[in-house]
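Coordinate analysis (summary)
Residue-level listing of the chains:
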There are 4 protein chains.
Amino acid sequence: MDIPDLSGLGLAEKEQKILESAIHVFSEKGFSAATTSEIAKNAGVAEGTIFRYFKTKKDILRGILVQTINIMSGKVVIEAVEKILNDSEGKELRVVLKEFIHDRIKLVDHIFPMARVIITEALFHEDVREAIYQNIIARVMITIRRFHKQMVERGLIRSDIEPELLIKTILGNLVVLIAQRKLFGDKFELDDIDKEVDKIIDVILYGIAGDKE
Amino acid sequence: MDIPDLSGLGLAEKEQKILESAIHVFSEKGFSAATTSEIAKNAGVAEGTIFRYFKTKKDILRGILVQTINIMSGKVVIEAVEKILNDSEGKELRVVLKEFIHDRIKLVDHIFPMARVIITEALFHEDVREAIYQNIIARVMITIRRFHKQMVERGLIRSDIEPELLIKTILGNLVVLIAQRKLFGDKFELDDIDKEVDKIIDVILYGIAGDKE
Amino acid sequence: MDIPDLSGLGLAEKEQKILESAIHVFSEKGFSAATTSEIAKNAGVAEGTIFRYFKTKKDILRGILVQTINIMSGKVVIEAVEKILNDSEGKELRVVLKEFIHDRIKLVDHIFPMARVIITEALFHEDVREAIYQNIIARVMITIRRFHKQMVERGLIRSDIEPELLIKTILGNLVVLIAQRKLFGDKFELDDIDKEVDKIIDVILYGIAGDKE
Amino acid sequence: MDIPDLSGLGLAEKEQKILESAIHVFSEKGFSAATTSEIAKNAGVAEGTIFRYFKTKKDILRGILVQTINIMSGKVVIEAVEKILNDSEGKELRVVLKEFIHDRIKLVDHIFPMARVIITEALFHEDVREAIYQNIIARVMITIRRFHKQMVERGLIRSDIEPELLIKTILGNLVVLIAQRKLFGDKFELDDIDKEVDKIIDVILYGIAGDKE
DNA sequence: TATGAATGAGAATTCATTCAT
DNA sequence: GATGAATGAATTCTCATTCAT
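In this convention, every chain numbers its residues from 1, walking through the sequence in written order. Starting at A for chains and at 1 for ligands, labels are handed out in the order in which the entities are written. The predicted nature of this model means local features are confined to residues of pLDDT at least 70 and side-chain atom pairs, given and counted, to a pLDDT of 80 or more, with totals for whole chains, interfaces and linings taken over all residues. Based on all heavy atoms of the structure, the side-chain values leave hydrogens and waters out of the count.

1. Examining the relation of the copies chain D and chain C
A residue counts toward the fit only if its pLDDT is at least 70 in both copies, and the copies are then superposed by least squares on the C-alpha atoms of those residues. Rotating chain D by 179° and translating it 0.0 Å along the rotation axis places it on chain C, where the RMSD comes to 0.2 Å. The transformation relating the two chain copies, once decomposed into turn and shift, fits a two-fold axis. Residue by residue, 100% of the interface of chain D is reproduced at the interface of chain C, so both copies engage with the same surface. We call two residues in contact when some of their heavy atoms are within 4.5 Å.

Here it is as structure tokens:
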């Protein structure tokens, strides 16, 4: 489970190593159960060094949140969503969705250690949820709305589907797919991921109703 | 955020109070950040009393998992799912789904404190995931398959939708709906929950595709 | 390792059971490491019952000491020593010693659990040593002195050997023999105990010196 | 009651202080009754510091055993025994024994605090006995056998006395002498120790038998 | 009298944080 | 800047003792 690359963010070398190590350790054990000693060992620095860069253990977590939000909302999230949106001009919705979902799966594979930490903290702390909302959700929504508008205008999405409903449906299916892969990967012999995604897109597009419904 | 009622499970009075308190405290802070001292204070017992009923702090968590799985997989989950399945005989799929989703929302509202603890632990511990899978997922799947078969036979569900895909779609949409209500409830002025559910069911049934797709 | 019989000492039935259990548990783990809970369980009484008979845990120990001293100094020690002394009238010293040592070995086998507790406490507490001295050593010395006098008069013991030296030599050899059997029994293939005792008596009587010394 | 010097064993300064303090406190109260808090106070370190050097309280005890066995079996025991053996070439047995016993008394005076801890643990734990046997008894026996052989060849020891019997007799008399001095020192106005030793050696060499036996 | 649930003082242990080197 | 030994407050856990039934 690889750790996202934090280089090129203007961090001191040791600071970066500490953050990477912290993501790893927090992700293995959760914030409270992780120890600064283990983070230090893992980062190859002395325990005291951690406290040169981060006043408290909690600050390390805050550092991770900041980095994660930078990465997710910055380069990765917005850019990627925009790219797919902009590339979507002439394409079928099915194709756009497929690219989007595969791209998101790759992203989550990449940031899963971070994500696990964030999810846990978000479950317990309002301020983390607030940060996620302000920095990620709200900004992504802007892009999504433009995408939604374009698709509706091209008649590819039903006009009575609101942008919120659109993202919720896609997100919902995505979440379950990822949870299944990441948490219960050994329980289900998944078809190859490609087929799996195709099936989900089919349901997103046309629903489950039979002809008698 | 109310604590599920543990009475009638054959627990000693203090044991029940401790478990309820533990659910509350774990749910507020997570397992590691919670202290036995706080659990005791909250339960109105001496700290030592906790350890008469639970050998270690970890055992309290295990106790909660056991109770939760009892409650969820026992009475609540299986029974409820079966009830809806059995009641579904002549009904439209839309109506069955609506009852099902409302019922699940009510359930989650009820057990959210517990659920939050379980989710966190499941994210970090394989054995918790295993317990969830064996006691809940695997058992619910049996019921779902029967439901799926019935619906397909009546032509209410497309015959090319597998049971796994069915549950994943419903679950995915449900998860996002609940997360939105529970975690970002202040961000979205939700239409009343009834309309919200209707919209989701509409998407589940017919998808998002416009007539040009 | 059997527990000495405390019946016929005018103790209440439960009190006796508690003492017997305490000897067993103290002997297995030492006083501090033993718990009243285990003593109670082992005695087949409730934990609270212990404190009806003994104000504190320490009092149980004191009870054991008292019983032990009663048993050892009372019936067992004095009587036995006197018996051997009185029976010694016409006998060879070798025979008297043999009876005495065998009898002591049997006694220690019998009271080893108690003895282990006493030794430990004696190592650490002056008052226990004092009790041992007053109740056992000092009283036994009286008998020994009579025995010594008789033996010296009969010319069976060198006249320049003082009673203290006599008892110390016998006791020293006895202690090592018993320690070897009880603590390192698996290390030495002992000849049968009878031969072992004969050899020791031989050394006690005639020493180790060769003819050149 | 002085604590053996642990310097020059390559221990960190605090580690040494903790061990010395632990020997002192264990020796005063026994292992279970001693508290890490008292050990820390006595060593002049914070309680937490103890656990930087020893994972658990039990490890401190193990540390003491290791040091004791190092000291006893290493420099002190083996060397001393060998020295006396090698110096015994032309000497009378009486003189060799006298040197040996005086040397052992000095040793025990030195390590009595440690010895008390070890004896207590040995009474209750097979593994401690095993360590004592392997590291001390078994090794000393090798030297003793050579000594025995030499003495028998020179006709200073009866040829029918086996080495085991030799060491047991000497040890037995030594143990009682030391116990008397250390535990009941106030009870007996000892002749000066020198005379006391002479008497014991006399008995070891020639026994107690009078001319009529 | 006997019980055993409940207590709470105190024990071992952990770990974030400090600071002299 | 970097280190890591030292700290001590906080935490989990134990257990002798009490007391209502």
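2. What to know about the domain arrangement of chain A
Residues and elements named next belong to chain A. Where each domain begins and ends is defined by an automated method or by a domain database. Considered domain by domain, chain A is made up of domain 1 (1-54) and domain 2 (56-206). Once you take the C-alpha centre of each, domain 1 and domain 2 turn out to be 26 Å apart. On the domain 2 side, the residues contacting the 22 residues of domain 1 number 18 residues. When domain 1 packs against domain 2, the two sides together hide about 1,900 Å² of surface, and 74% of this comes from carbon and sulfur. Between Lys or Arg on one side and Asp or Glu on the other, a salt bridge is scored when a side-chain nitrogen of the former is within 4 Å of a carboxyl oxygen of the latter. The interface formed by domain 1 and domain 2 contains zero salt bridges. Any pair of nitrogen or oxygen atoms within 3.5 Å is treated as a polar contact; in protein, a donor-acceptor pairing is required on top of that, and neighbouring residues in sequence qualify only through side-chain atoms on both sides. Joining domain 1 to domain 2, the criterion identifies six residue pairs in polar contact (both at pLDDT 80 or more). For the side of domain 1 that touches domain 2, the leading source of residues is helix α1 (residues 13-29), giving six residues. Its residues placed into classes, the side of domain 1 that touches domain 2 shows 16 nonpolar, three polar and three charged. When two parts are put together, the accessible area they lose, computed with a 1.4 Å probe and summed over both, is reported as buried area. Helix and strand assignments come from DSSP, with helices taken as H or I runs of at least 4 residues and strands as E runs of at least 2, each series counted from the N terminus. Only Asp, Glu, Lys and Arg are considered charged in this grouping, and only Ala, Val, Leu, Ile, Met, Phe, Trp, Tyr, Cys and Pro are considered nonpolar; every other residue, Gly among them, is considered polar.

3. A few points about the pattern of salt bridges
For the structure shown, the criterion picks out 63 salt bridges over all chains. Among the salt bridges present, the one from A:Glu126 reaches A:Arg129, with a minimum N-O distance of 3.1 Å. Taken together, the residues span about one helical turn, with A:Glu126 and A:Arg129 both in helix α6 (residues 126-153) at a distance of three residues. The exposure class of A:Glu126 is partly exposed, given its relative accessible area of 38%. Shared partners join several salt bridges into a network, and the residues in it are A:Arg158, A:Asp160, B:Arg94 and B:Asp202. Remark: exposure states derive from per-residue accessible area (1.4 Å probe, protein chains only) relative to the maximum for the residue type, with buried under 20%, exposed over 50%, and partly exposed in between.

4. Things to note about the protein's contact with DNA strand E
Being near a molecule or strand, for a residue, comes down to having at least one heavy atom within 4 Å of it. Close contacts around DNA strand E come from 32 residues, with A:Thr36, B:Thr49, B:Arg52, B:Tyr53 and C:Thr49 the closest. At a separation of 2.7 Å, a phosphate oxygen of DNA strand E approaches a polar backbone atom of A:Lys57. Elements that contribute at least two residues to the surface near DNA strand E include exactly α2 (36-43) and α3 (47-53) of chain A, α3 (47-53) of chain B, α3 (47-53) of chain C together with α2 (36-43) and α3 (47-53) of chain D. Grouping the constituent residues of the surface near DNA strand E by class yields 10 nonpolar, 14 polar and eight charged.

5. A closer look at the packing of aromatic side chains
Here a Phe, Tyr or Trp ring, Trp counted by its six-membered ring, pairs with any other such ring whose centre lies within 6.5 Å, and the pair is stacked when the planes are under 30 degrees apart, edge-to-face when over 60, and tilted otherwise. Within the structure shown, the criterion is met by eight aromatic pairs over all chains. Relative to D:Phe184, the ring of C:Tyr133 lies with its centre 6.2 Å away and its plane at 40°, an arrangement referred to as tilted. Separated into two different chains, C:Tyr133 in helix α6 (residues 126-153) and D:Phe184 in the loop between α7 (163-183) and α8 (193-206) make up a pair that spans both. Each ring is checked for a lysine NZ or an arginine CZ that lies within 6 Å of its centre and within 35 degrees of its normal; such an atom marks a charge sitting over the ring. The ring of B:Phe31 carries B:Lys57 above its face, with NZ or CZ at 4.7 Å from the centroid.

6. Considering the protein's contact with DNA strand F
Neighbouring DNA strand F are 30 residues; A:Thr49, C:Thr36, D:Thr49, D:Arg52 and D:Tyr53 lie closest to it. Near the protein, within 4 Å, the atoms of DNA strand F are sugar or phosphate in 65% of cases. At 2.6 Å, a side-chain N or O of A:Thr49 approaches a phosphate oxygen of DNA strand F. Within the backbone of D:Ala46, one N or O atom sits 3.1 Å away from a phosphate oxygen of DNA strand F. Of all elements in the fold, only α3 of chain A, α3 of chain B, α3 of chain C together with α3 of chain D reach the threshold of two or more residues within the surface near DNA strand F. Class assignment for the residues of the surface near DNA strand F results in 10 nonpolar, 12 polar and eight charged.

7. Topic: the nonpolar core
Nonpolar side chains tend to gather and get buried jointly when the protein is soluble and globular. Residues belong to one nonpolar core when they are buried, are Ala, Val, Leu, Ile, Met, Phe, Trp, Tyr or Cys, and are joined through side-chain atoms within 4.5 Å. One finds A:Phe26, A:Leu93, B:Phe26 and B:Leu93 to be the most contacted residues of the largest nonpolar core, which totals 141 residues. Counting residues in each nonpolar core, the second largest holds 120 residues, with C:Ile50, C:Ile136, D:Met141 and D:Ile201 among its members.

8. Remarks on the interface of chain D and chain C
Every contact between the two is made by 59 residues of chain D and, on the other side, 59 residues of chain C. The junction of chain D with chain C conceals about 5,300 Å² of combined surface from both sides, 62% of it contributed by carbon and sulfur atoms. The interface formed by chain D and chain C contains six salt bridges. A salt bridge links C:Glu162 to D:Lys199, with the nearest nitrogen and oxygen atoms 3.0 Å apart.

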